[in-house]
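# Observations on the model geometry
What follows is the residue order along each chain.
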Amino acid sequence: MKKFNPWLLLILVPIFLGAFVAFFEDKFYHIEKAVFSALRVMAPAMDIPARLVTELGSAVGVISITVIILIVTIIKKDYFFTFGLPVAITSIVSRIINMLAKNIIDRERPDFKVFQVSESSFPSGHSQNNMALYISILLVALLIDMAPKWRLTLKISLIALPLLIGITRIYFGVHYVSDVLAGWGIGALVAVATYFVY
């Protein structure tokens, strides 16, 4: 039986923090822009690597990884219901929640963005959908027996990747810090909720 860890409630912190800052965006604008400016110190050297990471986290990237996992787990039938399906459900639910939230909140993109993007800003779709996908993969993968060193490598990799993707969104100025924080939190919440409900 899956045991709930109270520490998982910390997932709510970035959601509420991001929402709070977004709600009072006029008061926090200078702070959010300062974070963007601090990251842009690395430009243009980091532009190409950051663009590659941000593209990996695009809708195409998330869908591609989800489909690959589904195909592989369908071939290996023992893993479809325990691995492939919960990951796919998490990705779909996260995408729906993100689209609804963007349409309802309808926050404008930062005026300091490096390139033009469509859709509203809050919460960050890249941050949310990738956090949901990779945390979902992590949760179901940890149910599989593996050596401790591989478990640690898996944890670090699958947590670091969505964090890096979110940071690139701030780096390019297409999202405020609060968008990304809320996205990370909502994505993790969707993954954990699906894991316990499924």
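The notes below deal with the structure included here. (Residues numbered from 1 in each chain as written. Predicted model: local features only at pLDDT ≥ 70, side-chain atom pairs only at ≥ 80, totals over all residues. Heavy atoms only, no water.)

### A few points about the overall build of the protein
Our working rule: Strands here are runs of E lasting at least two residues and helices are runs of H or I lasting at least four, both read from the DSSP assignment and numbered beginning at the N terminus. The globule rule used here is 2.2 Å times the number of residues to the 0.38 power, and the radius of gyration it is set against is calculated over C-alpha atoms. Working definition: with a 1.4 Å probe on protein chains only, accessible area under 20% of the residue-type maximum means buried, over 50% means exposed, and in between means partly exposed.
From N to C terminus, the protein includes eight helices and zero strands. For 198 residues, the compact-globule estimate of 2.2 N^0.38 gives 16 Å, and the C-alpha radius of gyration of the protein, at 17 Å, lies within 12% of that figure. By principal-axis analysis of the C-alpha atoms, the protein measures approximately 50 × 35 × 30 Å. When burial is assessed residue by residue, the protein has 43% of its 198 residues classed as buried.

### A few points about the side chain of glutamate 32
Note the cut-off: The contact rule is simple, with two residues in contact once any of their heavy atoms fall within 4.5 Å.
Inspection of the secondary structure assignment puts glutamate 32 in helix α2 (residues 25-39). When its relative accessible area of 4% is taken as the criterion, glutamate 32 is described as buried. In this structure, glutamate 32 is in contact with Val21, Arg107, Phe112, Tyr176, Val177 and Ser178, ignoring residues within four places of it in sequence.

### A closer look at the nonpolar core
The tendency in soluble globular proteins is for nonpolar side chains to be buried side by side. Short version of the rule: Residues belong to one nonpolar core when they are buried, are Ala, Val, Leu, Ile, Met, Phe, Trp, Tyr or Cys, and are joined through side-chain atoms within 4.5 Å.
One finds Phe83, Val87, Leu133, Ile137 and Phe172 to be the most contacted residues of the largest nonpolar core, which totals 27 residues. Contributions of two or more residues to this core are made by α4 (59-75), α5 (80-105), α6 (125-141), α7 (148-171) and α8 (177-197). No other element matches α6, which puts eight residues into this core.

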